Amino acid sequence: MNKTIIVSNRLPVDLKFDDEKLVVKSSTGGLATGMKSVHSEGNGIWIGWSGLAQEEVSEELQVEVDEALAKEKCIQVPLTNADIDNYYHGFSNSALWPLFHYFQAYTEFEWNHWKSYVEVNEKFAKVILEHVNDGDTVWVHDYQLLLVPELLRKSNPNITIGFFLHIPYPSYELFITCPWRNELLQGMLGADLIGFHTYDYVRHFLSSVSRIKDVEISFNEISYGNRIIKVDSFPMGIDYNRYHDAALEHDKYLEDSKSDFMKSLDFHNKSNEESKLILSIDRMDYTKGIPNRIKSFEYFLNKYPEYKEKVRLVMLAVPSRENVPQYQKLKRETDELVGRINGQLSTISWTPVWYFYRSLPFHDLIDLYVSSDVAMVTPVRDGMNLVAKEYIATRTKENGVLILSEMAGAAKEMHEALIVNPNNFEQTADAIKTALEMPQEEQKERLAALQKRISRYDVERWAGEFLKALEVAKNTEPIQVAK
Ligand code: ADP
Ligand code: G6P
């Protein structure tokens, strides 16, 4: 029987050694959380990096690592410390990530990083080829592995290759600044189907291909040599039922108790009964607009002082890519901003911003989603943003308002949210007020429309549609042009 192999840099589990003891954690990030449910229900394997450096894993420990990964139907591509520095922190996260998110000033093109990127993509292709058989499907994910589709095709043309990009695809003007733009496109064009979250990203990609490569493009089909490559948009969904059911369970549980996390926030105590909670959850990443969000909240409190002592912003940021200098800078900036606003505005009984720099277990995340009145998802650039969808899925009591940035791919499908430009503090501050004052009936109507759409187009359907389109793409014969 043919199988589907998922390939991404990050596996759904992240391994660490703590005093020689192996600790297995769920990975954060939309790719891992989204694909996890697709993977657990399928019969295929997932190939990727375990989070460990090869140097950390002795022969004895390797057995333990392999066992932990086998339990999750995962196979690792071993990376060395040098690979992690140059391919992961380097080319992937100091060149491609900022470039594709329009942070050109953060983009560093270094020859050594590029060399390592090529080598690690080859390592991935080698491991995949050891596990793939003719007729199998390989689904490659994201910007860390742009060269893999072509490497696979060169070695085995009898497999079906899909590629999905989880981040934005930038405009041609930006993409051409990359010294290795040709090689990157060539790599992606090894796939039979190339998917993006939105139609805008498809357009930008086709524009780059048409200007850089000598190809024919008609609608969303690229004629390349003797092949047809399809390109389309597939807005990624979430495992809606997982979040919705967890929220329903949480409601039952809360009848007689409250979770440790909310207890620690001490939010439900008498003096805070009137108080409202605004939630913000992201990886600590400069694309997420964290400083802008804090400044907009500060602007809101200054413009509408009657809300002082009545509203809190609970901001959860999970540590991410901490070896990259721009992420360290963002962490410092966030610490300072939170310190400043809390220092200036706090009273004895009220702290405006509650800031947590850590990852949280699933039930605590649900606890926060369920307990908040408003969610602020205001990235300055984001491929999709699954947090926005998770928040909507956990609203079980017909209330809750989402403030969503127009720069997130999710805004293309979530029109009933309050859509803002995250660089416009006044507009965002006004949206906070609108959200807090929105009549219950309007909240209910907006939520119903959002929930209907997100529950229908969930991650299972998203993966199903991509794989169906991939099969069609593989079987599409090139059109013979009459001479
Ligand atoms: P990205 O993929 O850029 O990180 P997304 O919003 O698409 O952004 O996905 C983030 C995922 O990580 C979501 O599934 C969210 O629930 C999860 N997540 C974010 N912050 C935390 C946290 N502090 N603890 C646990 N999970 C988190
Ligand atoms: C985004 C990227 C993913 C990545 C995730 C977490 O969602 O699209 O490819 O896995 O962020 O980042 P990390 O660098 O920790 O894998």
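The text that follows walks through the structure, step by step, so that each part is easy to find. (Residues numbered from 1 in each chain as written. Chains lettered and ligands numbered in written order. Predicted model: local features only at pLDDT ≥ 70, side-chain atom pairs only at ≥ 80, totals over all residues. Heavy atoms only, no water.)

1. Re the overall build of the protein
Scanning the protein from N- to C-terminus turns up 17 helices and 17 strands. Principal axes of the C-alpha set define a box for the protein whose edges measure 75 × 60 × 40 Å. Scored against the burial criterion, the 483 residues of the protein give a buried share of 57%. Here the analysis covers contacts within the protein between residues at least 6 apart in sequence; of these, 77% occur between residues at least 24 apart. Accessible surface computed for the protein: about 20800 Å², of which carbon and sulfur atoms make up 48%. When the 54 positive and 71 negative side-chain charges of the protein are each reduced to one mean point, those points stand 4 Å apart. (Helix = DSSP H or I, 4+ residues; strand = E, 2+ residues; numbered from the N terminus. Buried < 20%, exposed > 50% of the residue type's maximum accessible area, 1.4 Å probe, protein only. Contact = heavy atoms within 4.5 Å. Areas by Shrake-Rupley, 256 points an atom, 1.4 Å probe, with all protein chains shown as cover. Lys, Arg positive; Asp, Glu negative; His and termini not counted. Charge placed at Lys NZ, Arg CZ, Asp CG, Glu CD.)

2. A word on the packing of aromatic side chains
The final tally for this structure, using the stated rule, is 30 aromatic pairs. Summarising the aromatic geometry, the rings of Phe-100 and Phe-175 are spaced 6.1 Å apart at their centres and angled 70 degrees between planes, so their arrangement reads as edge-to-face. Taken together, the residues span a long stretch of sequence, with Phe-100 in helix α3 (residues 81-100) and Phe-175 in helix α6 (residues 172-175) at a distance of 75 residues. With a relative accessible area of 0%, Phe-100 lands in the buried category. (Phe/Tyr/Trp six-rings, centres within 6.5 Å; stacked < 30°, edge-to-face > 60°.)

3. Examining the site of ligand 2
Around ligand 2, the surrounding shell holds 14 residues, and the nearest of these are Arg-10, Tyr-88, Asp-142, Gln-144 and Arg-321. In this structure, Tyr-88 approaches ligand 2 through a side-chain N or O atom, which is 2.5 Å from an oxygen atom. Interatomic distance of 3.4 Å between a side-chain N/O atom of Arg-283 and an oxygen atom of ligand 2. Summarising the interface, the protein chains cover 91% of the accessible area of ligand 2, which totals 380 Å² for the free molecule. (Near = heavy atom within 4 Å. Polar contact = N/O pair within 3.5 Å; in protein donor to acceptor, adjacent residues only side chain to side chain.)

4. Observations concerning the nonpolar core
The tendency in soluble globular proteins is for nonpolar side chains to be buried side by side. Counting 100 residues, the largest nonpolar core has Leu-184, Phe-196, Phe-205, Ile-222, Phe-297 and Phe-300 as its most contacted members. Broken down by element, this core gets its largest block of residues, nine residues, from α3. Apart from residues lying up to four places away in sequence, Phe-300 is in contact with Tyr-307, Val-311, Ala-429, Ile-432, Lys-433 and Leu-436. (Core = buried A, V, L, I, M, F, W, Y, C linked by side-chain atoms within 4.5 Å.)

5. Here we look at the pairing of strand β10 (residues 221-224)
For a regular strand, side chains alternate in direction, first toward one face of the sheet and then toward the other. Direction of pairing for strand β9 (residues 216-218) relative to β10: antiparallel, over a ladder of three bridges. Bridge pairing links Ile-217 to Ile-222 in β10. What sits between β9 and β10 in their antiparallel hairpin is a turn of two residues, with Phe-219 showing a positive phi close to 50 degrees. In terms of strand pairing, β10 meets strand β11 (residues 227-233) through four bridges, oriented antiparallel. Residue pairing in the sheet places Tyr-224 in a bridge with Arg-227 of β11. Counted along the chain from β10 to the antiparallel partner β11, the turn is two residues long, and its residue Gly-225 has a positive phi close to 60 degrees. (Pairing = 2+ DSSP bridges.)

6. A look at the sheet that holds strand β17 (residues 418-420)
Ordered in space as β14-β13-β12-β15-β16-β17, the six strands form an open sheet in which the pairing is parallel. Two strands lie at the open edges of the sheet, namely β14 (353-357) and β17, each paired on one side alone. Strand-to-strand, the axes of this sheet are offset by a mean angle of 20 degrees, without reference to chain direction. Taken together, the eight bridges between strand β12 (residues 276-283) and strand β13 (residues 311-318) define a ladder with parallel strand orientation. Paired with Leu-277 across the two strands is Arg-312, which belongs to β13. Across the sheet, helix α11 (residues 290-303) is in contact with β12, β13, β14 and β15 (374-377); its angle to β13 comes to roughly 175 degrees. (Axes fitted to C-alpha atoms, helices over the stretch in contact; angles between N-to-C directions.)

7. A closer look at the site of ligand 1
In the vicinity of ligand 1, 19 residues are found, and the nearest of them are Gly-30, Arg-283, Lys-288, Leu-360 and Glu-390. Take Gly-30: an N or O atom from its main chain is 2.5 Å from an oxygen atom of ligand 1. Here Arg-358 contributes a backbone N or O atom positioned 3.0 Å from a nitrogen atom of ligand 1. Relative to its unbound accessible surface of 570 Å², ligand 1 loses 92% to contact with the protein. Of all the elements in the fold, those that place two or more residues in the shell around ligand 1 are α1 (30-41), β12, β13, α13 (362-371) and α14 (386-393).

8. Points about the sheet that holds strand β5 (residues 74-76)
The nine strands are arranged β5-β4-β1-β6-β7-β8-β11-β10-β9 in an open sheet whose pairing can be described as mixed. If you trace the sheet from one side to the other, it starts and ends with β5 and β9, each paired once. Taking each pair of neighbouring strands and ignoring which way they run, the sheet shows an average axis angle of 20 degrees. In the packing of helix α4 (residues 111-131) onto the sheet, contacts are made with β1 (4-10), β4 (46-49), β5 and β6 (137-141), and the angle to β4 comes to roughly 155 degrees. Running at roughly 135 degrees to strand β7 (residues 160-164), helix α17 (residues 459-474) makes contact with β1, β6, β7, β8 (193-196) and β11 of the sheet.

9. Focus on a negative patch on the surface
A cluster of acidic residues, Asp-18, Asp-19, Glu-20, Glu-59 and Glu-60, forms a negative patch on the protein surface. Looking at the element boundaries, Glu-59 is found in helix α2 (residues 59-71). (Patch = residues over 30% accessible without salt bridge, like charges linked within 9 Å, V, L, I, M, F, W, Y side chains within 5 Å. Salt bridge = Lys/Arg side-chain N within 4 Å of Asp/Glu carboxyl O.)

10. A short note on the side chain of Ser-320
Within the secondary structure layout, Ser-320 lies in the loop between β13 and α12 (325-345). For Ser-320, a relative accessible area of 8% translates into the label buried.

11. Comments concerning the packing of α1 against α17
One can describe the packing of α1 onto α17 by two numbers: an axis separation of 9 Å at closest approach and a directional angle of 70 degrees. Taken together, the axis directions place α1 and α17 in an arrangement best described as roughly perpendicular. Seen from α1, the contacting residues are Gly-34, Met-35, Ser-37, Val-38 and Glu-41; seen from α17, they are Val-459, Glu-460, Trp-462 and Ala-463. Residues that form the contact of α1 with α17 fall into these classes: five nonpolar, two polar and two charged. (Parallel < 35°, antiparallel > 145°, perpendicular 65-115°, else oblique. Nonpolar A, V, L, I, M, F, W, Y, C, P; charged D, E, K, R; others polar.)

Everything listed here is a matter of coordinates, which is why it stays silent on function.
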